[in-house]
Amino acid sequence: MVFSSITFLFCFLPAALLLCHAVPARWQNGALLLVSLVFYGWGEPRSLWLLLLSLLAGWWTGRAIEDRPKSRKRFWLTASLVVSLGALALFKYADFLLATLSALTGTAFLPLGLKLPIGISFYTFQMVSYTLDVYRGTVPAQRRLVDLGAYITMFPQLIAGPIVRYSDIQPQLERRSVNLADAALGLRRFLLGLGKKVLLANTLGSLVETARTTRDPSLLFLWLYAAAFCLQIYYDFSGYSDMAIGLGKLLGFSFMENFNYPFTARSITDFWRRWHISLGTWFRDYVYVPLGGNRCSRPRWIRNLILVWGLTGLWHGAAWNFVLWGLGFALVLLAEKLWLSRILEKIGRLRHVYVLLLIAVSFVLFDSTNLTLAWTRISGLFGAGDLPLVSPTAWYQLRSYGWLLIVAALGSTPWPARTCRALEGSRAGMAIQLTEPPFLLGLAVCITAFLVDGSFNPFLYFRF
């Protein structure tokens, strides 16, 4: 089940909110666990057992880590990591490893053909962070299986994040409340996120798909594709994060922000402080810092950075284009930290061009199904392949989608929010406040019309 479906919006969500708020406070986590399992099982019944197994293993080992003598804690932590990361490795990376071994050795290893369970990368990282925090003593082990289950399986963020830390959510698992103002803010955030997904990301996706399959390629078409895909993945994923944060607020939880206008970044380092923040901070706190971070020798620091970004790329997908995508960012970040940042400070606004250009190229690599296709597309962006400058199809698509690209680009900046804040207290600001409820109602109607008339468009990050 996806948030942008009629079933979720008009059947599951009202029933889930009603149940979670109707039961006494001491049963709310149980109700949340129940509706979350229904949500996951509705779309992924074959993988429900794996989610439950991961939950039971994490709950059991978390208690064992806390209860056992210091000398045995590391054993139980290792057991927990083996179960959690072993399942992720088996279902996500086994065929990738076998294919790589086949290519290297010339021996044909048959793929296992296991279907990737939806959300496994997200709930595995949440479980790993929980057991590591228990081992470090920063949080107590959760004694109640239902409460830990409510955290791990919480449907707003179960299948595409944000990656929520147990330390952040623990007080809210014990006690939470929702007042009218919180509910209004949550509903507003959810609707805006849904609008991002349905009206912007899905429409941009049509342009991307046309560019991918065109028989009339050109330089203009490639750049349209690159720009549209950057905006599509931003609105798709940030829209999902907005919906998750809004749903969390409707249930009494506060999730961390996952995006902060990444396309306005002044460097690639700055970009990764603004894009998928929950994943970046997870790798920083559970991999980079334990390895020594930057408080070590330069060779070791370089190794740490390359390892973390190789893993970041691999987290996004079991394919070499994702690994190269991550390693490419590692090299750029190294260059920025060693010498490039001084140059970026001197070139003023041109650094935004530098960021946008690198991000566009990186997402072309990210979206390519193999390295050959990635090279063809990226080299084509810079004039290779003897492509014509403009093709009739590209010109038609530019006229059809140009307005959408401009609106989407402006919407990805802080400009709309700053304008609203600047108008606060003025007549225009009061008019905006008065028209917001009917605007949101109209937005809901418009989204519903798109969903009824449109086809199934899952979120891009579901496959990770």
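Residues numbered from 1 in each chain as written. Predicted model: local features only at pLDDT ≥ 70, side-chain atom pairs only at ≥ 80, totals over all residues. Heavy atoms only, no water.

Colleague: Hey, could you run me through the overall build of the protein in this one?
Modeller: Secondary structure summary: the protein contains 18 helices and zero strands in total. For a compact globule of 464 residues, the expected C-alpha radius of gyration is about 23 Å, and the protein comes in at 23 Å, within 12% of that figure. With respect to the principal axes defined by its C-alpha atoms, the protein has extents near 65 × 65 × 45 Å. Across the 464 residues that make up the protein, the buried fraction comes to 50%. Counting only carbon and sulfur atoms, one obtains 66% of the accessible surface of the protein, whose full area is about 22,500 Å². The averaged location of the 23 negative side-chain charges in the protein is 6 Å from the averaged location of its 42 positive side-chain charges. (Helix = DSSP H or I, 4+ residues; strand = E, 2+ residues; numbered from the N terminus. Rg over C-alpha atoms; globule rule 2.2 N^0.38 Å. Buried < 20%, exposed > 50% of the residue type's maximum accessible area, 1.4 Å probe, protein only. Areas by Shrake-Rupley, 256 points an atom, 1.4 Å probe, with all protein chains shown as cover. Lys, Arg positive; Asp, Glu negative; His and termini not counted. Charge placed at Lys NZ, Arg CZ, Asp CG, Glu CD.)

Colleague: Could you clarify how one ought to interpret helix H2 (residues 28-43) in this entry?
Modeller: Relative to the 22 Å expected for 16 residues at 1.5 Å per residue, H2 spans 23 Å between its end C-alpha atoms, a close match to the ideal helical length. Within the sequence span of H2, burial applies to Gln28, Asn29, Ala31, Leu32, Leu33, Val35, Ser36, Phe39, Tyr40 and Gly41. (Expected span 1.5 Å × (residues − 1).)

Colleague: Honestly, the pattern of salt bridges in this entry has me stumped. Any pointers?
Modeller: Pairs can form between side chains of opposite charge once their charged atoms are near each other. Scanning the entire structure with this criterion turns up 16 salt bridges. As a salt-bridge pair, Asp236 and Lys197 come within 2.8 Å of each other at their nearest N and O atoms. Separated by 39 residues along the polypeptide, Asp236 in helix H9 (residues 219-251) and Lys197 in helix H8 (residues 180-213) bring together distant segments of the chain. For Lys197, a relative accessible area of 1% puts it in the buried group. Arg212 is paired through a salt bridge with Glu209; the nearest N and O atoms lie 2.9 Å apart. One end of the pair, Arg212, and the other, Glu209, are both in helix H8, three residues apart, so they sit about a helical turn from each other. A relative accessible area of 32% places Arg212 in the partly exposed class. One salt-bridge network, held together by shared partners, links Arg189, Lys196, Asp242 and Glu257. (Salt bridge = Lys/Arg side-chain N within 4 Å of Asp/Glu carboxyl O.)

Remember, this is a structural readout, not a statement about activity or role.
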